[in-house]
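# Breakdown of the fold
One-letter residues, chain by chain:
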Amino acid sequence: MTTNHTPLLRVQDVVKHFDISGGFLDQLRFKGGIHLEKTTVKAVNNVSLFVNKGETLSVVGESGCGKSTLARVILGLYRPNAGKIFYDGQRIDTLTHEQWLPYRRKMQMIFQDPYASLNPRKTVRQTLEEPLRFHNPKMTSQEAMDKVAYVMEQVGVDPAWIARHPHEFSGGQRQRISIARGLILDPDFIVADEPVSALDVSIQAQILNLLMDLREKHDLTYLFITHDLSVVHHISSRVAVLYLGTLCELASANDLFNEPRHPYTRALLSAIPKIGEKKAKHIKLKGEVPTPVHLPSGCVFHNRCVFARDRCKKEFPRLNELPNGSFVSCHGVEEGWPMA
Amino acid sequence: MPSLLEVRDLEVKFALRSGDITAIDGVSFQLDPGERMGLVGESGAGKSVTGFAIINLISKPGYISRGSIHFEGKEISAYPPDKMRKIRGNRISMIFQDPMMTLNPVYTIGFQMIETLKAHRNISKSQARAIALEKLKLVQMPSPEKRLAQYPHELSGGMRQRIIIAISLLADPAIIIADEPTTALDVTIQAEIMDLLQELCENEKMGLMLITHDLGVVSQVTEKIAVMYAGKIIEYGPTETVVHHPVHPYTIGLIGSIPGSIEPGKDLKQIPGMMPTLTNIPPGCAFNPRCELAADICTQQTPVLEEKQNGIMAACHMK
Ligand SMILES: Nc1ncnc2c1ncn2[C@@H]1O[C@H](COP(=O)(O)OP(=O)(O)OP(=O)(O)O)[C@@H](O)[C@H]1O
Ligand SMILES: Nc1ncnc2c1ncn2[C@@H]1O[C@H](COP(=O)(O)OP(=O)(O)O)[C@@H](O)[C@H]1O
Ligand code: SF4
Ligand code: SF4
Ligand SMILES: [Mg+2]
Ligand SMILES: [Mg+2]
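Residues numbered from 1 in each chain as written. Chains lettered and ligands numbered in written order. Predicted model: local features only at pLDDT ≥ 70, side-chain atom pairs only at ≥ 80, totals over all residues. Heavy atoms only, no water.

## Let's talk about the site of ligand 1
Residue and element names in this part refer to chain A. As a reminder of what qualifies: Throughout, the term near means that a residue has one or more heavy atoms lying within 4 Å of the molecule or strand in question. N or O atoms closer than or at 3.5 Å make up a polar contact, with two conditions inside protein: a donor-capable atom paired with an acceptor-capable one, and, for residues adjacent in sequence, both atoms drawn from side chains. Strands here mean DSSP runs of E at least two residues long; helices mean DSSP runs of H or I at least four residues long; both are numbered from the N terminus. Under the scheme applied, nonpolar residues are Ala, Val, Leu, Ile, Met, Phe, Trp, Tyr, Cys and Pro; charged residues are Asp, Glu, Lys and Arg; polar residues are all the others, including Gly.
Residues in contact with ligand 1 amount to 14 residues; listed here are only the nearest, Ser-63, Gly-64, Lys-67, Ser-68 and Thr-69. One of the side-chain N or O atoms of Ser-68 is found 2.6 Å from an oxygen atom in ligand 1. Within the side chain of Thr-69, a nitrogen or oxygen atom sits 2.5 Å from an oxygen atom of ligand 1. Looking at the shell around ligand 1, the elements that each hand over two or more residues are β4 (40-51) and α2 (67-74). Counting residues per element, the shell around ligand 1 draws most heavily on α2, at three residues. Each residue belonging to the shell around ligand 1 can be placed in one class, and the counts come to seven nonpolar, five polar and two charged.

This is the structure in structure tokens:
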């Protein structure tokens, strides 16, 4: 996949597998003699994508399709088994712990569950000051305090509450504080993993507005992970659709929602319940979702796809660029099979 | 003719050490055979407690402190446990968000279905097995015979929820109360489960009370909606009308908060603040601190649910 200019982030053929075989006894198999068998979760398989500066790229897909794993690989929390990751043109997946430090500041993460991601014993001040002081050892306490107060204001939490603990806040306020923690180091790039999924819709709207507002004000670039497709449509410039750790389609939000091309994307979009719309017939998928331990051969979607042909079982479909700039990985789209 | 289910002025309290708190405050609605109703609202609004109250399953220290629940013409809210058991899981079934609240991990699906049937009816094991199979087919479970011998953990989330629905159908109930039945599931599976529930209501003339925070789901599946806020129904009417022409400022805000209700990228309409906790409900209209229309009367008098327009009932002084 190529672009004319250097994207802020580029992920190239990234693979992340987890070995969950356990100990020697767990691996023992007795099929035609005794042998050992490894069990591998193939969470992310040859994923390539790029994120341009200032845009919001959303990664969508159903539970377990590898969204969070991909995010963690990008942020250096997991090492990929294969592939390359570039940040601002610089390869980062091979960096040592020390070399990572400057990127830790530039790339921040916001998590789904603000309960789990904020330390219950720390005050807001401690939570926000710690990374600040770590990355800016020369900062005076007054400077640090000022910065903390400024960021709290930015996310709409009263700086007067600086000495409070997480349990003293509501879910929405806690999410604001974890966003504040994400912002405190003036990052350029934020990976937000389901940042509004745990929130009620009226609070979710407050946080989405805040995130969009902060993107403008601070010139941020987002990689946004979610399973909620209405949220995706609302905030994204482009969207990457994952299925079983594989990229199906990467397209601008407009193209994707108006004219989804990959059969999985089409089924997924047709299943979104939209308020006020009489029930449109959603596309029914065949069979069951396979596990990422036993990936299907060829196209990983073939056992569920109503358009599947022989080639789909045998050959992994390449990610092709379409005239409108979308990328789709499907033999049917490539060969122009009738897929109405 | 009396409704299938008629809830009148229901009040539920929790007896806490610090005093009683009111979780459900004067809720009334009715459900007819084959009718699909949505009970929506944000977390803590009182949706689940309302559902549990109907089948008399409110957890201690909760109790029904006022009101009546008529099912098929009979007042059931004060039924003793043995009489209630004849109704619960039999005439009125409940589906929970977490399938493992219904399924026991150590028994096979078949065993659980057959035991459930035998507990309610005087039938043989082979008769029970036949009914179990019939219900598994009704919920379009692939290879139903095979499922009977499987354990819950061997099934995917979507299949488990199908099993739950099959179990809830065993006794041919008149009503299913489904509390967030698809919240834990992916959208493609959610769409299938919702189709299934809707078909069952149409074909079997079953009443459905769908409890959810997802207005999108409700608007596609139900015929009428009750919107709850801080323990009260604040808007009640035909789904189409409520979704397109909501009356209560809270409902209007809630619908405006949903991405997809406006052009992508534009600011979502947001309701400032958050729902009060039960110990902190403001006097007058509970929504007044968040409401842009609030006037003096809103802090002094509690608005009652009354007919406003297009057949919508709403509890608001200013509408
Ligand atoms: N540390 C790990 N060890 C083993 N398997 C893992 C690990 N982390 C993730 N997996 C597996 O990898 C697959 C992808 O998981 P991942 O968390 O990336 O999914 P996701 O798309 O974020 O799902 P969700 O929407 O539920 O958050 C899953 O099958 C998961 O069980
Ligand atoms: N066992 C209990 N003890 C005290 N309060 C409770 C109990 N169960 C529920 N509540 C309170 O009742 C209110 C309504 O809860 P619930 O019906 O579960 O909300 P919903 O289903 O709308 O999210 C909440 O404020 C909740 O905290
Ligand atoms: S490659 Fe074949 S199986 Fe895969 S999505 Fe395309 S048509 Fe379906
Ligand atoms: S009664 Fe008053 S505060 Fe309550 S919703 Fe109506 S206008 Fe708003
Ligand atoms: Mg995840
Ligand atoms: Mg609930």
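## Considering the site of ligand 3
By nearness alone, every residue bordering ligand 3 is listed as His262(A), Pro263(A), Cys299(A), Phe301(A), His302(A), Cys305(A), Ala308(A), Cys312(A), Cys330(A), His331(A) and Trp337(A). Residues belonging to the shell around ligand 3 are distributed by class as follows: eight nonpolar, three polar and no charged.

## Examining the pairing of strand β1 (residues 9-19) of chain A
All names here are of chain A. The test is simple: We treat two strands as partners when DSSP finds at least two bridges between them.
As judged from the five bridges shared by β1 and strand β6 (residues 82-87), these two strands associate in the antiparallel manner. The partner of Arg-10 across the bridge, within β6, is Phe-86. The pairing of β1 with β4 spans eight bridges and is antiparallel. If you follow Leu-9 over to β4, its bridge partner there is Val-51.

## Overview of the side chain of Arg215(A)
All names here are of chain A. Worth spelling out the cut-off: Think of it in three bands: with a 1.4 Å probe and only protein chains considered, a residue is buried below 20% of the maximum accessible area for its type, exposed above 50%, and partly exposed in between. His is not counted, nor are the chain ends, whereas Lys and Arg count as positive and Asp and Glu as negative. In what follows, salt bridge is the name for a side-chain nitrogen of Lys or Arg lying within 4 Å of a carboxyl oxygen of Asp or Glu. Any two residues whose heavy atoms approach within 4.5 Å at even a single point are treated as in contact.
Looking at where Arg-215 falls in the secondary structure, it is placed in helix α8 (residues 201-218). Although Arg-215 is buried, it makes no salt bridge; Glu-216 carries the closest opposite charge, 4.9 Å away. If we ignore the near neighbours within four places in the chain, the residues touching Arg-215 are Gly-54, Thr-56, Leu-220, Tyr-222 and Ile-235.

## As for the pattern of salt bridges
One pass over the structure, following the stated rule, counts 26 salt bridges over all chains. Here Lys224(B) ties to Glu35(B) by a salt bridge, and the two come within 3.3 Å at their closest N and O atoms. Remark: Glu35(B) occurs in the loop between β2 (19-31) and β3 (36-40) and Lys224(B) occurs in strand β9 (residues 224-229); sequence separation between them is 189 residues. The class for Lys224(B) is buried, based on a relative accessible area of 12%. The class for Glu35(B) is buried, based on a relative accessible area of 15%. Because the salt bridges share partners, they merge into one network encompassing Arg311(A), Glu315(A), Glu334(A) and Glu335(A).

## Details of the packing of helix α6 (residues 157-169) of chain B against helix α7 (residues 187-204) of chain B
Pairs of packed helices are described in terms of their axes, by the angle between the two and the distance that separates them. Residues and elements named next belong to chain B. Inclusion rule: Orientation is described by lines fitted to C-alpha atoms, with helices fitted over the stretch in contact, and by angles between N-to-C directions that extend from 0 to 180 degrees. Put simply, angles under 35 degrees are roughly parallel, angles over 145 are roughly antiparallel, angles from 65 to 115 are roughly perpendicular, and the rest are oblique. By definition, turning the near helix anticlockwise from the far helix through less than a right angle yields a left-handed crossing, and turning it clockwise yields a right-handed one.
Direction vectors running N to C along α6 and α7 enclose 15°, while the axes themselves pass 10 Å from each other. Here α6 lies roughly parallel to α7, going by the angle between them. The crossing of α6 and α7 is right-handed. For the pair α6 and α7, contact is made by Gly-158, Gln-161, Arg-162, Ile-165 and Leu-169 and by Ile-189, Glu-192, Ile-193, Leu-196, Leu-197 and Leu-200, respectively.

## Points about the confidence of the model for chain B
Heads up, the rule is: Values of pLDDT, which run from 0 to 100, indicate the predictor's confidence residue by residue.
For chain B, the mean per-residue pLDDT works out to 91, and 100% of the residues sit at or above 70. As scored by the predictor, the complex reaches a pTM of 0.87 and an ipTM of 0.82.

## Considering the nonpolar core
Residue and element names in this part refer to chain B. Selection rule: We call a set of buried Ala, Val, Leu, Ile, Met, Phe, Trp, Tyr and Cys residues a nonpolar core when their side-chain atoms join them within 4.5 Å.
The biggest cluster of nonpolar side chains holds 64 residues, and the ones touching the most others in it are Leu-5, Phe-29, Phe-71, Ile-92, Ile-175 and Ile-177. Counting residues per element, this core draws most heavily on β2, at six residues. The contact partners of Ile-92, leaving out residues within four places of it in the chain, are Ile-54, Ile-55, Phe-71, Ile-76, Ile-87, Pro-173, Ile-175 and Ile-177.

## Section: the sheet that holds strand β12 (residues 246-252) of chain A
Residues and elements named next belong to chain A. Read across the open sheet, the eight strands follow the order β8-β9-β10-β5-β11-β12-β14-β13; overall the sheet is mixed. Edge positions in the sheet fall to β8 (107-110) and β13 (320-321), since each has one partner strand and no second. Sheet topology note: the strand β9 (residues 189-193)/strand β10 (residues 221-225) ladder contains five bridges and is parallel. Across the sheet, Phe-189 pairs through a bridge with Thr-221, a residue of β10. Lying over the sheet, helix α3 (residues 97-106) contacts β8 and β9, oriented at roughly 55° with respect to β8. Along the sheet face, α8 touches β5 (56-60), β8 and β10 and points at about 155° away from the line of β10.

## Some points on unusual backbone geometry
With omega at 0°, the peptide bond leading from Lys60(B) into Pro61(B) counts as cis. By secondary structure assignment, the location of Pro61(B) is in the loop between α1 (47-54) and β4 (62-71). Backbone geometry at Asp219(A) places phi at a positive 60°, although glycine is not the residue there. Among the structural elements, Asp219(A) can be located in the loop between α8 and β10.

## Observations regarding the sheet that holds strand β1 (residues 5-16) of chain B
All names here are of chain B. Within the open sheet, the four strands sit side by side as β2-β1-β4-β5. Their pairing is antiparallel. Two strands in the sheet have a free side with no partner beyond their single neighbour: β2 and β5 (74-75). Inspection of the sheet shows β4 paired to β5 by two bridges, in the antiparallel sense. By the bridge assignment, Phe-71 is partnered in β5 with Lys-74. The sheet strands contacting α1 are β1, β2 and β4, and the helix crosses β1 at an angle near 110°.

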